[in-house]
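Survey of secondary and tertiary structure
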Amino acid sequence: MAYVTQADRMLIGGELVHASDGAFDESINPATEEVIGRVPRATVADVDAAVTAADAAWPAWAELTPAARGRVLRDFGQALRARAEEILRVEVADTGNTITPMRGDVGVAVDSLDYYAGLIHELKGETIPATHENLHMTVREPYGVVVRIAPFNHPLMFAVARTAAALAAGNAVVVKPPETSPLSAMILAEIARDALPPGVFNIVTGDGRTAGDALVRHPLVKRIAFIGSPATGRAIQRAAADVAVKHVTLELGGKNPLIAFPDTDPEAIADAAIRGMNFSWQGQSCGSTSRLLLHEDIHDRVLSLVIDKVKAIRLGDPQDPATGMGPVNSRMQYDKVLAFFEAAKKDGARLMTGGRRPEGAGFERGFWVEPTVYAGVEPGMRLWQEEVFGPILSVGKWKTFDEAVELANSTEYGLTGAVWSNDINNALRMVRRIRAGHTWVNGCSAHYLGVPFGGMKNSGVGREEGIEEMLSYTETKTINIVLR
Ligand code: NAD
């Protein structure tokens, strides 16, 4: 198969470049296992060049007025929009995510640029009445160079939406896209080269152990923002701490509960359970509500509706607008999902549908697994405790309010949680008891622009997507003006 994009250069200091040693990594389409593009494999010297360029670029960028910096960010968004269709095709081929919902990803990126462009005037300090005779104030200053390391499920969206706040605050950024889905970043490099001053936006591709680790350890990088797995998040904390004192924020995984009370409509719960699983990208979402906790009075009815709906999900070509689910992202993800099928069997979970690779035309090659539901899942099982990051929904049962709270909180994670009830008292009491950073009452899955997102417990450190994220890319300087 031909490459889906010819773009194959990183962005360093305003130049589109290959790796200094000329090495490439190929990227494959997870639906077919065909090679569809290539990206440079950045060396440690390339990483150093990107960070050095960012360090040289940020002071002038930070000195622009809010209006001028905001204009550049908005124009960057418009330039992205102009190539949205091309980005979409490449992203779908490279991730395996289905095309219809993926249409939203460039939109989220552009909206985030607009949002933070509009917030730049909020990078304000304070005056503090510490003494009567003097003046005490704070100003916010950018860190300088911010590193953003991104996962594979929404590569373009994370590379832009999750750097917009850092850019708005006057930092220059270096982005490290995921190694299994890096191609959209090659298009982004071309757009950013034309839209932003040289060195303000840099992209280095390559694997985590080389490029990622070199970024984390670079002495000119104090601020690191990571989205990915808990194990990598902790490795980054360790590596950062090995070399210097750094500010690391982490958006990690989840094993998120959706708790349904008996007063709810079973049909609505079943729909929410499907939506909350994000099957359109194979459940590969940190916020997926992968533990469905049903009150015993509605358990059997909801479970049977969920099974019917999961069976109706149409697997197939992710580029077809009618497709409901594609392949998982990589062989590694595929092997991980199969291992969970084995673990579920061993632990005694009841397989209700799926649990295997689909058969027939179109599924001979590629990383295909069926959307899957297990019932009778309990806290002692791996499926209950561990994030699959795949299309497996686990269903459990509860009887009392306190039991539901305990079940909801019985994992190391605390990213999202959903409560469904028509009784406002139950809903609010429950949502306050859940140890999760982002919750919904009678909702699921959605992120809302400006509303903070992030995890408690081992799901992360810090909050993104709101004003708090922008402020997190600044350091406070106090100025005490001693009057004579
Ligand atoms: P991952 O941790 O394997 O990789 C993420 C990124 O980290 C990649 O770019 C990778 O190259 C890089 N990396 C790997 N090792 C590194 C190292 N030692 N130093 C520096 N960088 C390194 O994660 P993944 O498999 O791509 O993504 C799946 C995970 O991401 C899941 O756990 C999911 O829940 C999480 N996630 C979280 C959020 C959120 O907002 N909380 C959003 C999406 C995904």
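Along every chain, residues carry numbers that run from 1 in the direction the sequence is written. Per-residue local features of the predicted model are confined to residues with pLDDT of at least 70, and side-chain atom pairs are confined, for both listing and counting, to 80 or more; whole-chain, interface and lining totals are unaffected and use all residues. Calculation of side-chain values draws on the structure's entire complement of heavy atoms; hydrogens and water are dropped beforehand.

As a further point, take unusual backbone geometry. Of note, Glu-33 is a non-glycine position whose phi angle comes to about 65 degrees, a positive value. Helix numbering and strand numbering both begin at the N terminus, where a helix is a DSSP run of H or I of at least 4 residues and a strand a DSSP run of E of at least 2. When you line up the elements, Glu-33 lands in the loop between strand E3 (24-28) and strand E4 (35-40). Residues other than glycine seldom take positive phi values, yet Lys-457 does so here, at roughly 50 degrees. Relative to the elements of secondary structure, Lys-457 occurs in strand E19 (residues 456-457).

Let us now look at the domain arrangement of the protein. The domain limits used here are those given by an automatic or database domain assignment. For the protein, the domain assignment lists domain 1 (10-252 + 460-480) and domain 2 (257-449). Taken over C-alpha atoms, the centre of domain 1 sits 30 Å from the centre of domain 2. Considering only the surface of domain 1 that becomes buried against domain 2, Glu-33, Thr-98 and Phe-152 emerge as the three largest contributors, covering 23% of it. One side-chain nitrogen of Lys or Arg within 4 Å of one carboxyl oxygen of Asp or Glu is enough to make a salt bridge. Summed over the shared surface of domain 1 and domain 2, the number is 2 salt bridges. The residue Glu-33 makes a salt bridge to Arg-365 at a minimum N-O spacing of 3.4 Å. Identification of polar contacts relies on pairs of N or O atoms within 3.5 Å, with a donor-acceptor requirement for protein atoms, meaning one able to donate a hydrogen and the other able to accept it, and with residues adjacent in sequence counted only if both atoms are side-chain atoms. Where domain 1 packs against domain 2, one counts 16 residue pairs in polar contact (both at pLDDT 80 or more). For the side of domain 1 that touches domain 2, the secondary structure elements donating two or more residues are helix H3 (84-95), helix H4 (99-102) and helix H5 (104-119). Buried area: the sum, over both parts, of the accessible surface (1.4 Å probe) that disappears when the two are put together.

Those places that UniProt annotates as "domain: Aldehyde dehydrogenase" (unreviewed entry) correspond, in this numbering, to residues 26-479. End C-alpha atoms of residues 26-479 are separated by 52 Å, and the span's content is 42% helix alongside 19% strand. UniProt positions are given in the numbering used here, feature names are shortened, and annotations may be inferred rather than shown by experiment.

What follows covers helix H16 (residues 424-433). All of the buried residues along H16 are Asn-426, Ala-427, Met-430 and Val-431. Projected down its long axis, H16 shows its buried positions confined to an angular sector of 120 degrees, all on one face. Along H16, the residues that are exposed and aim more than 90 degrees away from the buried face are Ile-424, Asn-425 and Arg-432. Looking at the packing, one finds that the buried side of H16 touches strand E11 (257-260), helix H15 (401-408), strand E17 (416-420) and strand E18 (438-441). In this structure Asp-423 caps H16, since a side-chain oxygen of it lies 2.7 Å from the backbone nitrogen of Asn-425. Using a 1.4 Å probe on the protein chains alone, a residue whose accessible area is under 20% of its type maximum counts as buried, one over 50% counts as exposed, and one in between counts as partly exposed. It is the directions from the helix axis to the C-beta atoms that the arc portrays. Every residue pair with non-hydrogen atoms within 4.5 Å of one another is taken to be in contact.

Within the secondary structure layout, Pro-178 lies in the loop between strand E7 (172-176) and helix H8 (183-195). As a C-alpha pair, Pro-178 and Gly-206 span 28 residues in sequence and 7.9 Å in three-dimensional space. Apart from the residues lying within four places of it in its own chain, the contact partners of Pro-178 are Ala-150, Pro-151, Phe-152 and Pro-155.

Our focus in this paragraph is the pairing of E17. For E17, a buried count of 5 out of 5 residues is recorded, marking the element as mostly surrounded by other parts of the structure. Burial along E17 is two-sided: Thr-416, Ala-418 and Trp-420 facing one way and Gly-417 and Val-419 facing the other are all buried. Where E11 lies against E17, 3 bridges are found, and the strand directions are parallel. The residue bridging Leu-258 from the neighbouring strand is Ala-418, located in E17. When DSSP finds two or more bridges between a pair of strands, those strands are recorded as paired. With 4 bridges connecting them, E17 and E18 associate as parallel partners. In the strand pairing of E18, Ala-418 is matched with Trp-440.

It is worth spelling out a nonpolar patch on the surface at this point. Each patch is built from salt-bridge-free residues with over 30% relative accessible area, joining like charges within 9 Å and nonpolar side chains (Val, Leu, Ile, Met, Phe, Trp, Tyr) within 5 Å. A 1.4 Å probe and the Shrake-Rupley method give the accessible areas. Residues count as covered only by the protein chains that appear here. On the surface, a cluster of nonpolar side chains totalling about 300 Å² of accessible area is made up of Leu-135, Ile-479, Ile-481 and Leu-483. With respect to the helices, strands and loops of the structure, Ile-481 is situated in strand E21 (residues 474-481).

Okay, a negative patch on the surface next. Positive charges come from Lys and Arg, negative ones from Asp and Glu, while His and the chain ends are left out of the count. By convention, charge coordinates are those of NZ in Lys, CZ in Arg, CG in Asp, or CD in Glu. On the surface, Glu-296, Asp-297, Glu-403 and Glu-406 cluster together into a negatively charged patch. For Glu-296, the location among the structural elements is in helix H12 (residues 296-311). Taking the relative accessible area as the measure of exposure, Glu-296 reaches 36% and is therefore partly exposed.

Considering all chains together, one arrives at 24 salt bridges under this definition. The partner of Lys-176 in a salt bridge is Glu-179, and the shortest N-O contact between them spans 3.4 Å. Among the residues examined, Lys-176 registers a relative accessible area of 2% and is labelled buried. With its nearest N and O atoms 2.9 Å apart, the salt bridge here joins Arg-217 to Asp-213.

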